[in-house]
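# A look at the structure
Single-letter residue listing:
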Amino acid sequence: MLGEGIAKGLVETARNFIGSYFSKNRLTTVQYPEERLPQIEATRDFPFLVYDGDDWQAGMRCVGCQICEKECPPKCIYIEKSKDKKPDAVGKLQFYPAVFNIDVSVCMSCQICVEVCPFEAIKMDTEFELSTDNRFGGLLWDKARLSKPNAYYGKVHPTDAAASDALLAEEKAKVEAKAKAAGETKTNSELTSPPLATSGATSKQ
Ligand code: SF4
Ligand code: SF4
């Protein structure tokens, strides 16, 4: 019947309008900003850089590999790799980003940077109240502005953060096992091979 869909839509709207006076479940909106709907875990807007511990510079997971910069479709990430190295989250010496900027006025929230990062170092945030009249200072974020602790990641995306923590713990255990094995090998070789001085003294005898 002509107009049946429109009639159905109007009936549904009327049911919600009248029903909202009797049941809060009929309300599809809230009085923002006084009231806020809880965000679902899959919410995402702009990326942030994850760090471990209390010091964002020491704990930054990003190693400045620039993969995300290359893969970002609108090219809104700018990275300068450091000249020196610092220990990463698993104690391995790594480069770090001397400069890491994201122009969030260009970012399209595609999450490709997150998908390609091999170090669990960049994740999508849920912070959305970001309006500003300062185009350059307000929307061009540097690494200090982008850095957030792993605890924050666990708060906004608990499921993904738990998986990420498990992955890093597994990698850390592997690195520690490797270091332990290397240490044991060294100790064994020290036990089986006499020190050079002793060896030299022995040969003179
Ligand atoms: S965020 Fe990840 S992919 Fe991007 S530079 Fe840092 S380590 Fe590399
Ligand atoms: S979310 Fe997409 S557009 Fe935004 S910085 Fe990451 S790769 Fe670039």
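Residues numbered from 1 in each chain as written. Chains lettered and ligands numbered in written order. Predicted model: local features only at pLDDT ≥ 70, side-chain atom pairs only at ≥ 80, totals over all residues. Heavy atoms only, no water.

### Things to note about the site of ligand 2
Within the structure, ligand 2 sits among 13 residues, and Cys 72, Cys 107, Cys 110, Gln 111 and Cys 113 are positioned closest to it. Considering only residue class, the shell around ligand 2 consists of 11 nonpolar, 2 polar and no charged. (Near = heavy atom within 4 Å. Nonpolar A, V, L, I, M, F, W, Y, C, P; charged D, E, K, R; others polar.)

### A word on a nonpolar patch on the surface
Side chains of Phe 17, Ile 18, Tyr 21 and Phe 22 sit close together on the surface and give an oily, nonpolar patch of about 560 Å² of accessible area. On the secondary structure map, Ile 18 appears in helix α1 (residues 4-19). (Patch = residues over 30% accessible without salt bridge, like charges linked within 9 Å, V, L, I, M, F, W, Y side chains within 5 Å. Areas by Shrake-Rupley, 256 points an atom, 1.4 Å probe, with all protein chains shown as cover. Salt bridge = Lys/Arg side-chain N within 4 Å of Asp/Glu carboxyl O. Helix = DSSP H or I, 4+ residues; strand = E, 2+ residues; numbered from the N terminus.)

### Focus: unusual backbone geometry
In this model, Tyr 32 is joined to Pro 33 through a cis peptide bond whose omega is 5°. Within the fold, Pro 33 resides in the loop between α1 and β1 (47-51). The phi dihedral of Gln 111 falls on the positive side, at around 75°, and the residue is not glycine. By the element assignment, Gln 111 lies in the loop between β5 (97-103) and α3 (112-116).

### Focus on a positive patch on the surface
Positive charge collects at one region of the surface, where Lys 70, Lys 81, Lys 85, Lys 92 and Lys 178 lie side by side. With respect to the helices and strands, Lys 81 occurs in strand β2 (residues 77-81). (Lys, Arg positive; Asp, Glu negative; His and termini not counted. Charge placed at Lys NZ, Arg CZ, Asp CG, Glu CD.)

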